[in-house]
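Analysis of the macromolecular model
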Amino acid sequence: MDSRNIQGATAKMPAMNTFSGLKPPRLKYIGALLAVALASGAIAGEAMVGRESNATIRARVVELVNDARSRDRRCGAERFTAAPSLHVSQELNEAAASHAHDMARKKYFEHRGSDGSQPKERVLRAGYEPRLTGENIAFGPESAEEVVAGWLASPGHCANIMDARFRDIGIGLSTGRKRGQIYWVQEFGLPASAKHAGAK
């Protein structure tokens, strides 16, 4: 499944709610540890889907992304220096929310929309005039903290987050009918009006 897209290049990444490579007995231990953490309230401060408003969750994702960008970071083999904070774009929020809703409603998980659209087309449709766009998607995480941690742990998604050329961000999320069916979309943009794209 594609879950990262920038300038038409995609990187393959399985849905973030899978634990490939772990043996079944280890999953039992992880489940037990998670149950203990939940019972102790260790993650009670997280911005959880279904407990907080979508606006609160989106704001928390932006806060976590900007915190990550405030420090030098390695994304796989690639090093990134700290980057300026991203600004929320209502148009990018709209494009992200529309794609998240479409994926949840039609039960698919990919960058290409059900109408055949690519991320840049959806961003344009929402009224954002880009010089550069990027998109991260995720399926399954139940909190802002979990989805951002997953993106930062994936080299390609992390690179989108740390790309200093981007100036704007938009976040969308939508839930399916069953627990755990949460679709996340993160749009990045450099407006066409920007003087130069900078260097990565």
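1. So, the pairing of strand β7 (residues 168–175)
- Most of β7 sits out of view: 7 of its 8 residues are buried.
- Pairing analysis gives 2 bridges linking strand β5 (residues 87–88) to β7, with the strands arranged parallel. Among the inter-strand pairings, Val-88 is bridged to a residue of β7, identified as Ile-169.
- Strand direction decides the pairing type here: β7 and strand β8 (residues 182–191), joined by 8 bridges, are antiparallel. Counterpart to Gly-172 in the pairing with β8 is Val-185.
- Following β7, the chain reverses through 6 residues before pairing antiparallel with β8; Gly-180 in that reversal takes a positive phi of roughly 90°.

2. Thoughts on the packing of aromatic side chains
- Under the definition given, this model contains 3 aromatic pairs.
- Each ring, one from Phe-109 and one from Phe-139, has its centre 6.1 Å from the other, and the planes form 55°; the classification is tilted. Of this pair, Phe-109 sits in the loop between α3 (90–106) and α4 (119–125) while Phe-139 sits in strand β6 (residues 130–139), placing them 30 residues apart in sequence. Of the two residues, Phe-109 and Phe-139, neither departs from the other in class, the shared state being buried.
- Ring pairs connect the aromatic residues Phe-109, Phe-139 and Tyr-183, which therefore count as one cluster.

3. Side note on the side chain of Ser-117
- Among the structural elements, Ser-117 can be located in the loop between α3 and α4.
- A relative accessible area of 4% means that Ser-117 is categorised as buried.
- Only 2.7 Å separates the side chain of Ser-117 from the side chain of Asp-115, close enough to count as a polar contact.
- Contact partners of Ser-117, with chain neighbours within four places excluded, come to His-111, Arg-112, Arg-122 and Arg-125.

4. Observations regarding helix α2 (residues 54–69)
- Counted at 1.5 Å a residue, the expected span for α2 with its 16 residues is 22 Å, and the 22 Å between its end C-alpha atoms agrees.
- In the core, the buried residues of α2 are packed alongside β3 (73–75), β5, α5 (144–153), α6 (155–162), β7 and β8.

5. Observations concerning the pairing of β6
- Across the 10 residues of β6, 9 count as buried, placing the element largely inside the fold.
- Inspection of the sheet shows β6 paired to β8 by 9 bridges, in the antiparallel sense. Bridge pairing in β8 places Thr-133 opposite Gly-189.

6. Details of the packing of α5 against α6
- At their nearest, the axes of α5 and α6 sit 5 Å apart, and the two run at 105° to each other. When the interaxial angle is binned, α5 and α6 end up roughly perpendicular. For the pair α5 and α6, the contacting residues are Trp-151, Leu-152 and Ala-153 in the first and Pro-155, His-157, Cys-158 and Ile-161 in the second.
- Class assignment of the residues belonging to the contact of α5 with α6 gives a composition of 6 nonpolar, 1 polar and no charged.

Basis of the calculations
- Residues numbered from 1 in each chain as written.
- Predicted model: local features only at pLDDT ≥ 70, side-chain atom pairs only at ≥ 80, totals over all residues.
- Heavy atoms only, no water.
- Buried < 20%, exposed > 50% of the residue type's maximum accessible area, 1.4 Å probe, protein only.
- Helix = DSSP H or I, 4+ residues; strand = E, 2+ residues; numbered from the N terminus.
- Pairing = 2+ DSSP bridges.
- Phe/Tyr/Trp six-rings, centres within 6.5 Å; stacked < 30°, edge-to-face > 60°.
- Polar contact = N/O pair within 3.5 Å; in protein donor to acceptor, adjacent residues only side chain to side chain.
- Contact = heavy atoms within 4.5 Å.
- Expected span 1.5 Å × (residues − 1).
- Axes fitted to C-alpha atoms, helices over the stretch in contact; angles between N-to-C directions.
- Parallel < 35°, antiparallel > 145°, perpendicular 65-115°, else oblique.
- Nonpolar A, V, L, I, M, F, W, Y, C, P; charged D, E, K, R; others polar.

Spatial relationships are all this shows, so hold off on functional conclusions.
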